[in-house]
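Residue-level structure breakdown
Spelled out, the chains give:
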Amino acid sequence: MMDLWIKTLHVLAVISWMAGLLYLPRLFVYHSSVPAGSEQDRLFRVMEYRLYRYIMRPAMIVAWITGLWLAWSSFGLRGGWLHAKLALVVALSAHHGFQGFWLRSFAAGTNTRPGRFFRIQNEVPTLLMIGIVIFVIVKPF
């Protein structure tokens, strides 16, 4: 019964984390088109910081803790599909870290990347998520 509650918490954390991973680059797209120091710039900085700090980071931590618990308790951390999934989750976590780097560059007023860059980055979590879901549901190996 406990595993069902942990799985529920895991799914809720993953949904929250993914929402942030998909929304933050979209904010960056719009933020990159406003002048540094403007009122809009300050508003974007607050929105981005709060999303990253209070939603994305805690959701990622909970997703990792509950996911590792489930991988250990249900599968003994064994299975090729599980290792492939974990590799993609590591890549997703790295992308999370890159988003934090870009957030800090906006906060410092030093961002030089155009909106197009962030439009492309917005697709990375989607592609990783597709692979993760395939490995979890299909378990191809």
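For the structure given in this document, a descriptive report is provided here. (Residues numbered from 1 in each chain as written. Predicted model: local features only at pLDDT ≥ 70, side-chain atom pairs only at ≥ 80, totals over all residues. Heavy atoms only, no water.)

1. Description of the overall build of the chain
Looking only at helices and strands, one finds five helices and zero strands in the chain. Secondary structure elements in the chain, listed N-terminal to C-terminal, are α-α-α-α-α. Projecting the C-alpha coordinates of the chain onto the three principal axes gives extents of approximately 50 × 25 × 15 Å. Classification of the 141 residues of the chain by burial places 38% in the buried group. Within the chain, residue pairs in contact and separated by at least 24 positions form 78% of the contacts whose partners lie at least 6 positions apart. When the accessible area of the chain is evaluated, it comes to approximately 8,300 Å², of which 71% is carbon and sulfur surface. (Helix = DSSP H or I, 4+ residues; strand = E, 2+ residues; numbered from the N terminus. Buried < 20%, exposed > 50% of the residue type's maximum accessible area, 1.4 Å probe, protein only. Contact = heavy atoms within 4.5 Å. Areas by Shrake-Rupley, 256 points an atom, 1.4 Å probe, with all protein chains shown as cover.)

2. A short note on the packing of helix 1 (residues 2–31) against helix 2 (residues 39–75)
Contact geometry for helix 1 and helix 2: axes closest at 7 Å, N-to-C directions at 150 degrees. As the angle between them shows, helix 1 and helix 2 are arranged roughly antiparallel. Remark: the crossing between helix 1 and helix 2 carries left-handed chirality. When its residues are assigned to classes, the contact of helix 1 with helix 2 shows 24 nonpolar, eight polar and five charged. (Axes fitted to C-alpha atoms, helices over the stretch in contact; angles between N-to-C directions. Parallel < 35°, antiparallel > 145°, perpendicular 65-115°, else oblique. Left-handed = near helix turned anticlockwise from the far one by under 90°. Nonpolar A, V, L, I, M, F, W, Y, C, P; charged D, E, K, R; others polar.)

3. Some remarks on the side chain of lysine 85
Within the secondary structure, lysine 85 is located in helix 3 (residues 80–107). Here lysine 85 is buried and forms no salt bridge, its nearest opposite-charge partner aspartate 3 lying at an N-O distance of 13 Å. Lysine 85 has contacts with His10, Ile132, Phe135 and Val136, leaving out every residue within four places of it along the chain. (Lys, Arg positive; Asp, Glu negative; His and termini not counted. Salt bridge = Lys/Arg side-chain N within 4 Å of Asp/Glu carboxyl O.)

4. Remarks on the packing of aromatic side chains
Applying the stated criterion to the full structure yields eleven aromatic pairs. Ring geometry for phenylalanine 98 against tryptophan 102: centres 6.1 Å apart, planes inclined by 20 degrees, an arrangement best described as stacked. Taken together, the residues phenylalanine 98 and tryptophan 102, both in helix 3 and four residues apart, mark about one turn of the helix. Assessed through its relative accessible area of 48%, phenylalanine 98 is described here as partly exposed. (Phe/Tyr/Trp six-rings, centres within 6.5 Å; stacked < 30°, edge-to-face > 60°.)

5. Remarks on a nonpolar patch on the surface
Residues Leu127, Met129, Ile130, Val133, Ile134, Ile137 and Val138 make up a contiguous nonpolar surface patch of roughly 650 Å² in combined accessible area. Relative to the assigned elements, isoleucine 137 resides in helix 5 (residues 124–138). Exposure remark for isoleucine 137: the relative accessible area of 64% places this residue in the exposed category. (Patch = residues over 30% accessible without salt bridge, like charges linked within 9 Å, V, L, I, M, F, W, Y side chains within 5 Å.)

6. Here we look at the packing of helix 3 against helix 5
At a closest axis distance of 9 Å, the pairing of helix 3 and helix 5 adopts a crossing angle of 160 degrees. By the criterion of interaxial angle, the relationship of helix 3 to helix 5 is roughly antiparallel. Considering the relative orientation of helix 3 and helix 5, their crossing is left-handed. Contact with helix 3, carried on its side by Trp81, Ala84, Lys85, Leu88, Val89, Ala91, Leu92, His95 and Gln99, involves Val124, Pro125, Leu128, Gly131, Ile132, Phe135 and Val136 of helix 5 and no other residues of that element. In the contact of helix 3 with helix 5, the residues fall into twelve nonpolar, three polar and one charged.

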